[in-house]
Each structure stands twice: as structure tokens, then as C-alpha cells.
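Structural characterization, general
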Amino acid sequence: MSLKAGIVGLPNVGKSTLFNAITNSQVEAANYPFATIEPNIGVVELPDLRLDVLEKIVLPKRVIHATFEFTDIAGLVEGASKGEGLGNKFLANIREVDAIIQVVRCFEDSDISHVSGSVDPVRDMNLINIELLLSDMETVNNVLKRIERKSQNDKTLIPEVNVARKLREAFEKEIPARNLDYSDEELKIVKGWQLLTLKPILYVGNVAEEYAANPKQSDLYKMMKEEAKNQNVKYLGISAKIEGEISQMEEEDKKLFLDDLGIIQSGLDRLTRVAFELLDLSTYFTAGVEEVRAWTFKNGTKAPKAAGIIHTDFEKGFIKAEVISYNDFIEFNGEHGARDAGKSRLEGKDYVMKDGDIVHFRFNR
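Computed from a prediction, not measured in an experiment: that's the story for all the values here. Think of each chain on its own: its residues are numbered from 1, step by step along the sequence as written. Residue-level local features of this predicted model are given only where pLDDT is at least 70; pairs of side-chain atoms are given and counted only at 80 or more, and the full residue set underlies all totals for whole chains, interfaces and linings. Note that the side-chain values use all heavy atoms of the structure and ignore hydrogens as well as water.

A few words on helix H1 (residues 15–24). Think of it in three bands: with a 1.4 Å probe and only protein chains considered, a residue is buried below 20% of the maximum accessible area for its type, exposed above 50%, and partly exposed in between. To qualify as a helix, a DSSP run of H or I must reach at least 4 residues; to qualify as a strand, a run of E must reach at least 2; elements of each kind are numbered from the N terminus. Among the residues of H1, Lys 15, Leu 18, Phe 19, Ala 21 and Ile 22 are the ones counted as buried. Down the axis of H1, the buried side of the element spans an arc of 155 degrees, and every buried residue falls inside it. Regarding the arc, it is the one traced by the directions from the helix axis to the C-beta atoms.

What follows is the structure, encoded as C-alpha cells:
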């Protein structure tokens, strides 16, 4: 499942430093034959301790983690919605991602200038949000220009007109599309417009090195955090500079370095996990002697579609899914123990996949 988050931000906020850290730690593309990796995309493994536990029980030849894609998006300046700077490229690229990660500068450094002359996380957050809103306003106005008059004679266009007016009113109050409630019909219409403010957003406060272990001690990060809470969106704090150093270390050295800093989990691992959750994703596993592997699916996905993530033939010829929950698999020491304990079950086409399911799909070849 190819889902990705776009990393955005103003100039000199640490966006490139963070993306370089992601690129340095990316997995080998050869391990994931179903993915097409472009030069501006960093692919990282999703940290998941459950795979380590499964490996000890199954003893497979290899273990493959789920992956997550981050794409680097051209920097934004005020006026991007009107084509200023690289605005057109920024807006075009951001339409192609599934979620937005906005890097916010939460550090002072006299050697690194700020495009606005001073460091103000809240101002920077809102500057980008306004540019996205202005772009969406233009999209909605163009929709209304195209269909508002036609709807007087074509009643099938009325739902589209109504939701466009609803959005225009919200944008005038600086309310993003993601904050509105929609009926199923409205949501289907709105998704077709590729609105930027409909995408989920995560704020990443880039803090100074001394706050890497505890971003909450940074006053600038506190400002960003409060604004994120006001917007009811996710946030986290990391030091992009520290992450860059960590990404170039061997695993053993990385652990020692994190321990010295008092950091339990690297910021990049936390970022990947939160971005994964932002997109409402979960993981199921296949477990055999050849490989133990994690597969990514959207919450609410039914078994046949989940099977299709492995191969389209699995979905087309789906018969049943043999499912063992992760906890049962561990408690009874693997597939055979779980079966003997009556914890293996056959599920049909209407089964909704759950995070941690260990699955063997049966299908017609």
C-alpha cells in the first residue's frame, strides 16, 4: 500500500535536514519489489517490536517491516497560493500526498536567518495554513463558477453546489476543510477536489539540540504545541540535527548515543509511527519459515482487499482467511500451538481486518 506524507515548511526551519536524515536511514528499495521509489522520496521501516517477538518464535529466514514513505516538497513562502517563489510546485506536489507534515522552527540560531526576520512558531504555522486555505478557496470558487448557474436546470448538481458553498463559508472564517462534518455523499464530492486543507496534518517542532531528549522544556516548542492543540491536530518535537547524526550510525552505536542523551526512541521512529497513525493505518502479519512480514492496511479494510495488498490474485480468488490474533500466537508459542488451543479461525469476505492479525489467505489460483 503506497501511502506517503509530504514534508513541508518555510525556508531554514530544518525541513531538508530532517529529510536528509530520513533518506540516510531509508531501507533498500530492492527489498520491496512492489514499490517504485523516486529520488525525492525517503522510505523508512516502521518500528514494530512485535516483529522481533515473532522472529524468535518462527525463526524465519528473513524479517520484513512495513514501510512508510516521506516525500520532500519544495519550500513555501508567503504568496505561494499566487505562485510566489516555488508556490506552484509546492501546491502541485502537496496534492499528491496523503498527509502533511509541517516542520516548524522551534530553535534560535543567529547563524541561520529566518525568512520573516524572527522565530515565531505560531506565525509560521498559520502562514502555511493560510496559503493552503487560499489555494482551496480558489478551487472551490472555480467549482462554483463552473456549476452554480448550471444547477438551476440540472438538479443533480445541487449537492455539489451546496457543499462548495459550505466550504467557501468555512474558508472565509479560516476554517480548514478537515474540520467540517460531511455526509457520505458530501465527502465523496469533496475528495474529488483534492483540497489541501482536507489532508490530515502533523506539526513537527524542530528544537535545539539541548532539548532533543525533552522538547517540552523549549519555550518555542510550547508555543507550537499549544497552537496544535487549539487546531486539534497531532504534534511532536524532535531535533533534526540530532536525527541527522543518528541516521548515519550503526545500530549498536545508535543505541549508545540515544542512551547517553536520555532518549528512549529516536525522533525519526516516533515521527514514522505518528505519521502512520495519522493516516489511520494498521498492520497485519504473515509468518512462515521463509519470512515474517508486516503488511499495511487502512483501518476498516475487509479481508479480500487486505489479501490484495500482497498480490491482486489473492483478492480476485479469495476464499477464506485463516486468522490468529497476535496475543494468541504469542501465548501459545506459534501457529501450531494456537491451532491446538482452538485460537485459529476461518474468516470470510466480510471480515474486517484488525491490527496485529496473523493471517494465511486461502484463494483460488
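Below, the discussion takes up the layout of surface pockets. With a 1 Å grid spanning the protein atoms alone, the term cavity applies to any set of points in which a 1.4 Å probe fits but cannot get out, the term pocket to an open set with protein on both sides within 12 Å along at least five of seven lines, and the term lining residue to any residue with an atom within 4 Å of a point. Grid points are joined across faces, edges and corners, and a volume is the space filled by probe spheres set on the points. In this structure, the second largest pocket encloses a volume near 710 Å³. If you trace the second largest pocket, you find 21 residues lining it, with Asp 98, Arg 178, Leu 198, Lys 199 and Pro 200 closest to the centre. Note on residue classes: Ala, Val, Leu, Ile, Met, Phe, Trp, Tyr, Cys and Pro are nonpolar, Asp, Glu, Lys and Arg are charged, and everything else, Gly too, is polar. Taken together, the residues of the lining of the second largest pocket sort by class into ten nonpolar, four polar and seven charged.

Let's shift gears to the environment of Thr 312. The residue Thr 312 is located in helix H12 (residues 312–316) in this model. Residue Thr 312 is classed as partly exposed on the basis of its relative accessible area, which comes to 46%. C-alpha of Thr 312 to C-alpha of Val 161: the two residues are 151 residues apart in sequence and 38 Å apart in space.

As a further point, take the packing of aromatic side chains. One pair of aromatic rings is described through two measures. These are the centre distance and the angle between the planes. Under the pairing criterion, centres of Phe, Tyr and Trp rings, with the six-membered ring standing for Trp, must be within 6.5 Å; the plane angle then separates stacked pairs below 30 degrees from edge-to-face pairs above 60, leaving the rest tilted. A full pass over the atoms with the stated rule returns six aromatic pairs. When the ring of Tyr 284 is compared with that of Phe 297, the centres are 6.0 Å apart and the planes differ by 35 degrees; the resulting orientation is tilted. Here Phe 297 lies in strand E9 (residues 291–298) and Tyr 284 lies in strand E8 (residues 281–287), a separation of 13 residues in the sequence. Assessed through its relative accessible area of 0%, Tyr 284 is described here as buried. An angle of 85 degrees between the planes, with centres 5.8 Å apart, marks the rings of Tyr 284 and Phe 361 as edge-to-face. Here Tyr 284 is found in strand E8, whereas its partner Phe 361 is found in strand E12 (residues 358–363), with 77 residues between them in sequence. Of the residues examined, Phe 361 reaches a relative accessible area of 6% and is grouped as buried. Each member of the aromatic cluster is reached from another via a ring pair, and the members are Tyr 284, Phe 297, Phe 318 and Phe 361. Here the basic side chain of Arg 50 rests over the ring of Tyr 326, its NZ or CZ set 6.0 Å away from the ring centre. Lying over the aromatic face of Trp 295, Arg 293 brings its terminal NZ or CZ to 4.3 Å of the ring centre. Only when the NZ of Lys or the CZ of Arg is both within 6 Å of the ring centre and within 35 degrees of the ring normal is a charge said to sit over the ring.

To continue, consider the side chain of Glu 243. Considering the arrangement of structural elements, one finds Glu 243 in helix H8 (residues 240–247). Lys and Arg are tallied as positive, Asp and Glu as negative. Neither His nor the chain termini are counted. Basic side-chain nitrogens of Lys or Arg form a salt bridge, by our definition, when they fall within 4 Å of a carboxyl oxygen of Asp or Glu. We note that Glu 243 is buried and unpaired, the nearest opposite charge coming from Arg 270 at a distance of 5.6 Å. Two N or O atoms count as a polar contact when they lie within 3.5 Å, although within protein this holds only if one can serve as hydrogen donor and the other as acceptor, and sequence-adjacent residues are included solely when both atoms are side-chain atoms. Only 2.9 Å separates the side chain of Glu 243 from the backbone nitrogen of Gly 267, close enough to count as a polar contact. Contacts are assigned to residue pairs with any non-hydrogen atoms lying within 4.5 Å of each other. Apart from the residues lying within four places of it in its own chain, the contact partners of Glu 243 are Ala 21, Ile 238, Ser 266, Gly 267 and Leu 268.

Below, the discussion takes up the sheet that holds strand E7 (residues 234–238). Strand pairing is assigned whenever DSSP detects at least two bridges linking the two strands. Spatially, E2-E4-E1-E5-E6-E7 is the arrangement adopted by the six strands of the open sheet, whose pairing is mixed. One side of each edge strand has no neighbouring strand; the edge strands of this open sheet are strand E2 (41–45) and E7. With direction set aside, neighbouring strand axes in the sheet form an average angle of 25 degrees. Bridge count for strand E6 (residues 201–207) against E7 is five bridges, and the pairing is parallel. Its bridge partner lying in E7, Val 204 is registered against Leu 236. Think of each axis as a best-fit line through the C-alpha atoms, taken over the contacting stretch in the case of a helix, with angles from 0 to 180 degrees between the N-to-C directions.

The next subject is the nonpolar core. Note on terminology: a nonpolar core comprises buried Ala, Val, Leu, Ile, Met, Phe, Trp, Tyr and Cys residues joined through side-chain atoms within 4.5 Å. Ranked by size, the top nonpolar core spans 62 residues in total, and within it Ile 22, Phe 68, Phe 70, Ile 94, Ile 101, Tyr 203 and Leu 271 carry the most contacts. If near-sequence neighbours (up to four positions away) are discounted, Tyr 203 is found in contact with Gln 102, Val 104, Met 125, Asn 129, Met 224, Ala 228, Gln 231, Val 233, Lys 234, Tyr 235 and Leu 236. In terms of nonpolar packing, the next biggest core, distinct from the first, is built from 20 residues, Val 161, Val 163, Leu 167 and Tyr 182 among them.

Using the criterion set out here, one finds one cavity of 30 Å³ or more in the structure. Here the largest cavity is characterised by a volume of approximately 30 Å³. Taken together, Ala 212, Gly 237, Ile 238, Ser 239, Ile 242, Glu 243, Ile 263, Gln 265, Gly 267 and Arg 270 form the lining of the largest cavity. Counting residues per element, the ones that place at least two in the lining of the largest cavity are E7, H8 and helix H10 (267–278). Grouping the constituent residues of the lining of the largest cavity by class yields four nonpolar, four polar and two charged.

In the structure shown here, the tally under the stated rule is 20 salt bridges. Taking the shortest distance from any N to any O, the salt bridge between Lys 61 and Glu 290 comes out at 2.9 Å. On the criterion of sequence distance, the pair formed by Lys 61 in the loop between helix H2 (49–58) and strand E3 (62–64) and Glu 290 in the loop between E8 and E9 is long-range, its members being 229 residues apart. Note on Lys 61: relative accessible area 66%, which makes it exposed. According to the relative accessible area criterion, Glu 290 is partly exposed, its value standing at 48%. Between Arg 293 and Glu 291 there is a salt bridge, and its shortest N-O distance comes to 3.9 Å. Glu 291 shares its class with Arg 293; the two are buried.

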